[in-house]
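# Residue-level structural notes
For reference, the chains in residue letters:
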Amino acid sequence: MKKCLLMFALLATILSFNVAFADSIIASNPGGHVTFNSIPFSSSSGTGRYQEIYSSSLFSGPVQITSLAFSPSDSVFYAADVTLRLTTTNVAVGALSPNLDSNFITPLTTVYANPTFSESLTGGSETFSLVFNFTTPFTYDPNSGNMLFDLLISNQNVDVSFSRSGSGSILSRAYDTAGFGNGADGVGLRTLIGFQTSAVPEPGTILLMGTGLVGLAATLRRKLML
């Protein structure tokens, strides 16, 4: 009986075993970097709210979104009060409304909030040196719709701009800021999205693990019987 229970526990351990893989992807419309843009991360943009939608086609299956990063025009020390939120939406890329609350139904999830955020940035269209590492990873399933990024921002200390792409089917934006007013269009900030996936090992790996665990169990059983 004890042997059966032990084998059952070992089997459950094997079947539940999974590995997390960290990865990242650049969300950008075709053509890559087009220009630098001051919405929303700049003192000229000021206090406001910003949304960017990312196409579900970026991901082949469920992931844990762990960070977002953006590329500044200049090497500067940047500081702001920021709150980052994510959700899914059935709104299409390029169809965000200037009425920001109408762009989603599923409630927003706060993934990062810091009233004294600061970072030393490195200028360049491919540096992605403005990095927000989430305190709460966001579970995203592309089958549920496109991913919507919602930002609340204030107290920005420097006038800097960030890499954006032209229009396309991967991302677009909507905004309501003190400096640039209320609007929506088909372009958006190029974004490095950090994420994690999990996977069950291949059958051959499971077999090797099982053989090793069973051998270990037999050894322990012999020692207990001595």
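The coordinates are above.
This is a predicted model, so every value here is computed, not measured.

Moving on, we come to the sheet that holds strand β12 (residues 188-189). Within the open sheet, the three strands sit side by side as β2-β9-β12. Their pairing is antiparallel. Every interior strand has two partners, whereas the edge strands, β2 (35-37) and β12, have only one. Pairing between strand β9 (residues 162-165) and β12: two bridges, direction antiparallel. Each bridged residue has a counterpart across the sheet, and for R164 the counterpart in β12 is L189.

Within the element layout of this structure, R49 appears in strand β3 (residues 48-54). Overall, the relative accessible area of 15% leaves R49 in the buried class. Only 2.9 Å separates the side chain of R49 from the side chain of D101, close enough to count as a polar contact. For R49, the contacting residues outside a window of four places in its chain are R85, L100, D101, F104, L108, D150, L151, L152, Y175, D176 and T177.

This part is about the pattern of salt bridges. The final tally for this structure, using the stated rule, is five salt bridges. Here D150 ties to R85 by a salt bridge, and the two come within 2.8 Å at their closest N and O atoms. Of this pair, D150 sits in strand β8 (residues 146-154) while R85 is found in strand β5 (residues 77-89), placing the two residues 65 residues apart along the sequence. Exposure class is identical for D150 and R85. Each is buried. Here E126 makes a salt bridge to R190, at a shortest N to O gap of 3.1 Å.

Once that is clear, we can look at the nonpolar core. Counting residues in hydrophobic clusters, the biggest one holds 38 residues, and the most contacted among them are F41, I65, F70 and Y78. Residues I53, V91, V93 and F104 belong to the second largest nonpolar core, which totals eight residues.

Basis of the calculations
- Residues numbered from 1 in each chain as written.
- Predicted model: local features only at pLDDT ≥ 70, side-chain atom pairs only at ≥ 80, totals over all residues.
- Heavy atoms only, no water.
- Pairing = 2+ DSSP bridges.
- Helix = DSSP H or I, 4+ residues; strand = E, 2+ residues; numbered from the N terminus.
- Buried < 20%, exposed > 50% of the residue type's maximum accessible area, 1.4 Å probe, protein only.
- Polar contact = N/O pair within 3.5 Å; in protein donor to acceptor, adjacent residues only side chain to side chain.
- Contact = heavy atoms within 4.5 Å.
- Salt bridge = Lys/Arg side-chain N within 4 Å of Asp/Glu carboxyl O.
- Core = buried A, V, L, I, M, F, W, Y, C linked by side-chain atoms within 4.5 Å.

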